[in-house]
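The lines below spell out each chain.
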Amino acid sequence: MPDVVFLLDVDNTLLDNDAVVDDLRAHLVRDFGRAKADRYWTYFEELRTELGYTDYLGALQRYRLHELSDTMNDPRLLQMSTFLVDYPFADRLYPGALEVVAHLQRAGPTVILTDGDVVFQPRKVQRSGLWDAVDGRVLIYIHKEQMLDAVQQRYPARHYVMVDDKLRILSAMKAVMGERLTTVFPRQGHYAFDPDTLASHPPADHTIAHICDLLGIDPLVLQETP
C-alpha cells in the first residue's frame, strides 16, 4: 500500500475547460447562427441540471429530438459531434499540467478522478494526453464525491491528496475522509471564483493560484494535513 495517492480533477484543474466551452460557443454561432446556438445551450443546461454533470453530446441528441425538422434542414449541425470528438484538448492543458503530474508521481501514484459522461469525458482525457500521463489510472463518475469507497478500494493508500477547482467537491470529500485527505484548491475557472460557493464552504488545506504552483511544493508536504 503506497503512503499517498494523488487524485486529480480534469476540467479547470488540469485543463482549461472554460476555454473549450468558449470555442464551442463561437463555433456554434459562426456556423449555425445565434438562435440555434442558444437552443443548444438551453438543452445543455437542462441536461446538466438533470444529470449533475455536463453532457455535450447528450445535449446534441436532445436538440435533434426536439428540433428534428430544423436539424434535417441543416445537416451541418450533425457535424458538431466531430468538432467535439476531434477537439485538440492537448492545446488546452494549463501550463505545467503534465509536469505537475510527473512531479507528484515521484511521491506516489497519480489518478485522474473526474465527473462526466462515458463517451466524451474519456475522449477528452485521452486526447489531452492525461490518460497516458497517469498510465491509464482514470476514474470517471457521475458524482465522484459519492464514490470515495470505490476510489479507495481500487487505489488503496494511507493518505490521499485531492486537487480540484470546485471547493464544494473538496469540502464534501473532506467531510467523509477527514485527516486522511489533503485538499488542494487551484483558483482556476469560473467555479473557483463563485462568491456563494466560497462563502458557504470552509477553505481547502492548500489554496494555489495556478496548477503549476504545485511544482514548487514538495509532494511529501502534501501528505501532512495542515
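Scroll up to find the structure.
Calculation criteria
Residues numbered from 1 in each chain as written. Predicted model: local features only at pLDDT ≥ 70, side-chain atom pairs only at ≥ 80, totals over all residues. Heavy atoms only, no water. Helix = DSSP H or I, 4+ residues; strand = E, 2+ residues; numbered from the N terminus. Buried < 20%, exposed > 50% of the residue type's maximum accessible area, 1.4 Å probe, protein only. Expected span 1.5 Å × (residues − 1). Axes fitted to C-alpha atoms, helices over the stretch in contact; angles between N-to-C directions. Parallel < 35°, antiparallel > 145°, perpendicular 65-115°, else oblique. Left-handed = near helix turned anticlockwise from the far one by under 90°. Contact = heavy atoms within 4.5 Å. Pairing = 2+ DSSP bridges. Polar contact = N/O pair within 3.5 Å; in protein donor to acceptor, adjacent residues only side chain to side chain. Core = buried A, V, L, I, M, F, W, Y, C linked by side-chain atoms within 4.5 Å. Salt bridge = Lys/Arg side-chain N within 4 Å of Asp/Glu carboxyl O. Nonpolar A, V, L, I, M, F, W, Y, C, P; charged D, E, K, R; others polar. Right-handed = clockwise from strand over helix to strand, strands pointing away.

> Help me understand unusual backbone geometry in this model?
Excluding glycine, most residues fall at negative phi; most peptide bonds, likewise, are trans. The phi torsion at Asn 12 lies on the positive side, around 65°, for a residue other than glycine. Looking at the element boundaries, Asn 12 is found in the loop between β1 (4-8) and α1 (17-32). For Asn 12, a relative accessible area of 2% corresponds to the buried category. One non-glycine residue, Asp 135, lies in the positive phi region at around 55°.

> Please explain helix α2 (residues 34-51) as it appears in this structure.
Residues lying three or four places apart along an α-helix face the same way, a consequence of the helix completing one turn every 3.6 residues. Compared with the 26 Å implied by 1.5 Å per residue over 18 residues, the 25 Å span of α2 between its first and last C-alpha is a close match. Immediately downstream of α2, the backbone of Gly 52 shows phi near 90°, a positive value.

> Teacher, can you tell me more about the packing of α2 against helix α3 (residues 56-66) here?
When two helices pack together, their arrangement is given by the angle between their axes and by how far apart the axes lie. Contact geometry for α2 and α3: axes closest at 8 Å, N-to-C directions at 120°. By the criterion of interaxial angle, the relationship of α2 to α3 is oblique. As α2 runs across α3, the sense of the crossing is right-handed. Packed against α2, whose contacting residues are Lys 36, Arg 39, Tyr 40, Trp 41, Tyr 43, Phe 44, Glu 46, Leu 47 and Glu 50, the element α3 presents Tyr 56, Gly 58, Ala 59, Leu 60, Arg 62, Tyr 63 and His 66 at the interface.

> Before we go on, may I ask you to explain the sheet that holds strand β6 (residues 206-208) in this structure?
Strand pairing within a sheet occurs via backbone hydrogen bonds; the two strands may be parallel or antiparallel. If you walk across this open sheet you meet the six strands as β3-β2-β1-β4-β5-β6, and the pairing is parallel. Both outer strands of the open sheet, β3 (138-141) and β6, are each paired with one neighbouring strand and no more. On average, each strand axis in the sheet is inclined to that of its neighbour by 20°, with strand direction left out of account. In this structure, strand β2 (residues 110-115) lies alongside β3, joined through four bridges in parallel fashion. Its bridge partner lying in β3, Thr 114 is registered against Ile 140.

> Please explain the side chain of Thr 182 as it appears in this structure.
Tracing the chain through its elements places Thr 182 in strand β5 (residues 181-186). Within the structure, the side chain of Thr 182 is placed 2.7 Å from the side chain of His 159, a separation counted as a polar contact.

> Looking at this structure, I do not really get the nonpolar core. What am I missing?
Soluble, globular proteins show a tendency: their nonpolar side chains are buried together. Leu 24, Leu 28, Tyr 40, Trp 41, Tyr 56, Ile 112 and Leu 214 are the most contacted members of the largest nonpolar core, which has 44 residues in total. Broken down by secondary-structure element, the contributors of at least two residues to this core are β1, α1, α2, α3, α5 (80-85), α6 (97-105), α7 (120-128) and β4 (159-163). Among all residues touching Leu 24, those that are not within four sequence positions of it are Tyr 40, Trp 41, Tyr 56, Met 80, Phe 83 and Leu 84. Grouped together as the second largest cluster of nonpolar side chains are 21 residues, Leu 139, Tyr 141, Met 173 and Met 177 included.

> So what exactly am I meant to see when it comes to the pattern of salt bridges here?
Close approach of charged atoms allows side chains with opposite charge to pair. All chains considered together, the criterion is met by 15 salt bridges. Between Glu 45 and Arg 48 there is a salt bridge, with the nearest N and O atoms lying 2.7 Å from each other. Here Glu 45 and its partner Arg 48 are both found in helix α2, three residues apart, which amounts to about one turn of the helix. Given a relative accessible area of 33%, Glu 45 falls into the partly exposed group. Residue Asp 205 is joined to Lys 174 by a salt bridge in which the shortest nitrogen-to-oxygen separation is 2.8 Å. Highlighted residues: Asp 205 in the loop between α11 (195-200) and β6 and Lys 174 in helix α10 (residues 167-177), separated in sequence by 31 residues. Residues joined in a network through salt bridges with shared partners are Asp 9, Lys 144, Asp 164, Asp 165 and Lys 166.

> Explain the packing of α1 against α2 to me, please; I cannot follow it from the model alone.
It is at 7 Å that the axes of α1 and α2 come closest, and there the two elements cross at 140°. Here α2 runs oblique to α1, going by the angle between their axes. Between α1 and α2, the residues in contact are Val 21, Leu 24, Arg 25, Leu 28, Val 29 and Phe 32 and Arg 34, Lys 36, Ala 37, Tyr 40 and Trp 41, respectively. Grouping the constituent residues of the contact of α1 with α2 by class yields eight nonpolar, no polar and three charged.

> Is there a simple way to think about the pairing of β5 in this case?
Here is the key point about a regular strand: its side chains alternate between the two faces of the sheet. Counting buried positions over the six residues of β5 gives six, a clear majority of the element. Alternating residues of β5 divide into Leu 181, Thr 183 and Phe 185 and Thr 182, Val 184 and Pro 186, and every residue in both groups is buried. Summarising the sheet, β4 and β5 pair through four bridges and their orientation is parallel. Paired with Tyr 160 across the bridge in β5 is Leu 181. Regarding topology, α11 serves as the crossover connection from β5 to the parallel β6, and that connection is right-handed.

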